[in-house]
Amino acid sequence: MIVRFGYVAMSLEIQNSSPSKTMTMARFAKLPDREAALRQLERIAEENLRNTLRLLRHNVAEGIEMYRFSSKLIPLATHADLQDWDPFEALAEPFAEIGEYVREHKLRVSFHPDHYTVLSTPRPEVLISSVRDLRYHVKMLQAMGLDARAKNNIHIGGAYGDKPSAADRFVEHFAGLDPDIQCRLTLENDDKTFTTGETLEAARRTGLPMVLDIHHHWVNSGGEPASDWWPEVARTWESELARIDVPQGETLPPKIHASSPKSETDRRSHADGVEAGPLLEFLRAAARTSPQIDVMLEAKHKDRALFGLMRDLEAYQGDGVKILGGGKIEVEA
């Protein structure tokens, strides 16, 4: 099984490369000239986009083929007081450059909208805000010229005291989304509320591919190994290429999230790095049924954690692991 690793948004290796520079609404409101303030937001966004391209070039140089974009590329983009502002024309060039680079190097990229984007909500105003945020993420991917293999990963959301009803609302609200938002979504199990099995059921009801977070599963399950669920989770990806109408011959491997607990007393928080042993145990089991899998590492040390994991995996060469590049391995069952 071919395994590719990626990391989230920031680099600890490339200096002064933040793609998430921002401005608070309080600061924006204090500026006397609103149009000048909007232009300042656009300049910050352009710097974020230029840094994103720097990180993608860093990734390609290191053999890393997966990357999660920062959701904060455009400061205040979804703020309710700035809904008359459309920054995409001003940012068309840097967005297009990112998309061209992604396509040229066949990178797998994604977003993960923030935790306040919840489709299970019973509150209309929260649903409106959530849909606005999903629209923003889709517009960024469209501005890059990327097809629907570039996804926005979300959770079901809160249970609000009645988990079955919340799951039903998620399905109902998903059905009300525009098709171009629907086709960009993947669904992930969380660490407190919706288990792997419950998330899988919602994925089946909506037709969404499911991202299995093996750390979340470990802290929010009945104790069964995450690998027990893998064949069923992987099947949610089987029809995705046909559903989103991508070019023949292209692939979209199943995807998981991996991280390690910060400590024995803080099992939910992410550690700086990722332990190779537990992750490899899952990958060996997954290799019995899957020819390829992509792994997004959610470690605090970002790309530095990925490099550390690759060094640790070198110790397993000759034991069913082959290093194929800076962010790619082959694993035998």
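A brief look at the structure comes next. All values reported here derive from a predicted model rather than from experimental measurement. (Residues numbered from 1 in each chain as written. Predicted model: local features only at pLDDT ≥ 70, side-chain atom pairs only at ≥ 80, totals over all residues. Heavy atoms only, no water.)

A closer look at the pairing of strand β8 (residues 292-297)
And then number 1: In terms of burial, β8 is largely enclosed, as 5 of its 6 residues are buried.
And then number 2: Relative to β8, strand β1 (residues 2-8) is paired through 5 bridges, and the arrangement is parallel. Counterpart to Val3 in the pairing with β8 is Ile293.
And then number 3: Direction of pairing for strand β7 (residues 255-258) relative to β8: parallel, over a ladder of 4 bridges. By the bridge assignment for β8, His257 is matched with Met296.
And then number 4: What joins β7 to β8 is helix α11 (residues 276-286), and the crossover it makes is right-handed. (Buried < 20%, exposed > 50% of the residue type's maximum accessible area, 1.4 Å probe, protein only. Helix = DSSP H or I, 4+ residues; strand = E, 2+ residues; numbered from the N terminus. Pairing = 2+ DSSP bridges. Right-handed = clockwise from strand over helix to strand, strands pointing away.)

Examining the environment of Arg284
And then number 1: In this structure, Arg284 sits in helix α11.
And then number 2: Spatially, the C-alpha atoms of Arg284 and Glu330 are 10.0 Å apart, while their sequence positions differ by 46 residues.
And then number 3: In this structure Arg284 touches Tyr316, Asp319, Gly320, Val321, Val331, Glu332 and Ala333, once residues within four positions along its chain are discounted.
And then number 4: Side-chain polar atoms of Arg284 contact the backbone oxygen of Asp319, separated by 2.9 Å. (Contact = heavy atoms within 4.5 Å. Polar contact = N/O pair within 3.5 Å; in protein donor to acceptor, adjacent residues only side chain to side chain.)

Thoughts on the environment of Asn48
And then number 1: Turning to its location among the elements, Asn48 is positioned in helix α2 (residues 34-62).
And then number 2: For Asn48 and Pro75, which are 27 residues apart along the polypeptide, the C-alpha to C-alpha distance reads 9.4 Å.
And then number 3: If sequence neighbours within four positions are ignored, Asn48 has contacts with Ser18, Pro19, Ser20, Lys21, Lys72, Leu73 and Pro75.
And then number 4: A distance of 3.4 Å separates the side chain of Asn48 from the backbone oxygen of Lys72, its partner in a polar contact.

These figures capture arrangement, not role.
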